[in-house]
Amino acid sequence: MRIAVPNKGRLHDPAVDLLDRAGLHVVDGADRKLYADTVDPDVTILYARAADIPEYVSDGAADVGITGLDQVREADAGDLVDMLDLEFGACKLVLAAPEESAIESVADLAGGTVATEFPNITRNYFDEQGIDVEIAEVSGATELTPHVDIADAIVDITSTGTTLRMNRLAVIDDVLESSVRLFAREDVTDDEKVQQVTMALRSVKSAEGKRYLMMNVPEDNLEAVEDVIPGLGGPTIMDIAGEEMVAVHAVVDERHVFETINDLKAEGATGILVTEIERMVK
Ligand SMILES: Nc1ncnc2c1ncn2[C@@H]1O[C@H](COP(=O)(O)OP(=O)(O)OP(=O)(O)O)[C@@H](O)[C@H]1O
Ligand SMILES: O=P(O)(O)OC[C@H]1O[C@H](OP(=O)(O)OP(=O)(O)O)[C@H](O)[C@@H]1O
Ligand SMILES: [Mg+2]
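Residues numbered from 1 in each chain as written. Chains lettered and ligands numbered in written order. Predicted model: local features only at pLDDT ≥ 70, side-chain atom pairs only at ≥ 80, totals over all residues.

Per an unreviewed UniProt entry, the protein chain is named ATP phosphoribosyltransferase, and its organism is Halorientalis brevis. What the UniProt record of the protein chain gives under Subcellular location (unreviewed entry) is the line "Cytoplasm". (UniProt positions renumbered as here; feature names shortened; annotations may be inferred.)

Shown next as structure tokens:
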């Protein structure tokens, strides 16, 4: 089974880090190599440009790929199945025009020109709106084009909004919300290895933002303690030999840890430990 992973750019490090946390450590992955092995002899990595990954997966050079939804939509590369939202690389494709221009809605662009690195997404967007525009494909610095009379508006990626602001461009409409996903070719979604890799990555995502609480609780207060531990199924309770205390383990949302610990202390819990969780396999 082969996984296509971004070879450089902003998606490379988080993708490799995620595979690592899923236990799929890359071995012998020296810089600038095309392929790398992983600790699983049946799983190899193919390093490719984020924009090429959809095509590589649909053509069979890899079976699954890690790349942005924007890249998959732009590639129009056969039927890729969105297996899992990996939740990094979040950004939006937006339609934007110069702040001082007369363009205030999509309709104002009829007969105009829109510059973009995403001609297919842009074409589909305007087709759906029933608005006829010329599309000027560029390969970067899209934000400059409206200021040099190449285009009236752009469709481009924004995340913090800094680049749009610096170029005095106002958002007219959201075109696509994107984040990095695990994609699989349709014919391999049920393969055992594909399922195993998906499960491993999902287990890392499930553990993010969760903490493991361990504590000792007087037997008599157990019910009260169970009441203050929020959600995620009942806690695990273990007898402590020869004592009138029980050990309680539970998974809680990180956001609730501060409050929960205060509540637990009030109910007589002692020796409370809070630890991170690497993976949660359901
Ligand atoms: N602010 C952002 N700008 C660009 N891409 C982003 C941003 N936030 C998330 N992404 C995602 O990263 C992808 C771009 O990956 P890419 O490998 O091209 O990174 P890069 O750092 O822009 O490298 P390059 O120098 O090749 O442009 C986008 O298609 C999108 O899915
Ligand atoms: O909303 P912001 O946080 O400002 O991010 C958006 C900018 O980031 C990307 O460029 P990138 O840094 O990838 O440079 P590039 O044009 O060389 O790809 C993208 O093309 C936008 O220009
Ligand atoms: Mg870029």
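Asks: So what exactly am I meant to see when it comes to the sheet that holds strand β13 (residues 210-218) here?
Replies: The strands making up a sheet associate through hydrogen bonds between their backbones, and the pairing can be parallel or antiparallel. The 4 strands lie next to each other as β14-β15-β13-β16, forming an open sheet whose pairing is antiparallel. Two strands close off the open sheet at either side, each with one partner strand: β14 (236-239) and β16 (270-276). For this sheet, the mean angle separating the axes of adjacent strands, direction not counted, is 15°. Across 5 bridges, β13 lies against β16 in antiparallel orientation. Bridging across to β16, Leu213 finds its partner in Val274. This element, helix α8 (residues 257-266), spans β13, β15 (245-253) and β16 of the sheet and lies at about 165° to β16. (Pairing = 2+ DSSP bridges. Helix = DSSP H or I, 4+ residues; strand = E, 2+ residues; numbered from the N terminus. Axes fitted to C-alpha atoms, helices over the stretch in contact; angles between N-to-C directions. Contact = placed C-beta atoms within 7 Å.)

Asks: Looking at this model, I keep getting lost on helix α4 (residues 119-129). Mind explaining?
Replies: Along an α-helix, a turn takes 3.6 residues, which lines up residues three or four apart on a common side. Where α4 is concerned, the buried positions are Ile121, Thr122, Tyr125 and Phe126. Mapping the buried residues of α4 onto a view down its axis gives an arc of 125°, with all of them on the same face. Within α4, the exposed residues directed more than 90 degrees away from the buried face are Asp127 and Glu128. In this structure, the buried side of α4 is in contact with α3 (69-75), β7 (91-98), β8 (113-116), β9 (134-137), β10 (153-158) and β11 (169-178). Phi turns positive, to about 70°, at Gly130, one or two residues after α4. (Buried ≥ 20, exposed ≤ 12 C-beta atoms within 10 Å, placed from the backbone. Arc of directions from axis to C-beta.)

Asks: Can you help me understand the environment of Ala62 in this one?
Replies: The topology assignment puts Ala62 in the loop between α2 (53-59) and β5 (64-68). Separated by 58 residues in the primary sequence, Ala62 and Ala4 place their C-alpha atoms 5.8 Å from one another. Each residue touching Ala62, except ones within four places of it in the same chain, is listed here: Arg2, Ile3, Ala4, Leu46, Tyr56 and Val57.

Asks: So what exactly am I meant to see when it comes to the site of ligand 2 here?
Replies: Gly140, Glu143, Asp156, Ile157, Thr158, Ser159, Thr160, Gly161, Thr162 and Thr163 make up every residue found near ligand 2. Where the shell around ligand 2 is concerned, the elements lending two or more residues are β10 and α5 (162-166). Taken together, the residues of the shell around ligand 2 sort by class into 1 nonpolar, 7 polar and 2 charged. (Near = placed C-beta within 6 Å. Nonpolar A, V, L, I, M, F, W, Y, C, P; charged D, E, K, R; others polar.)

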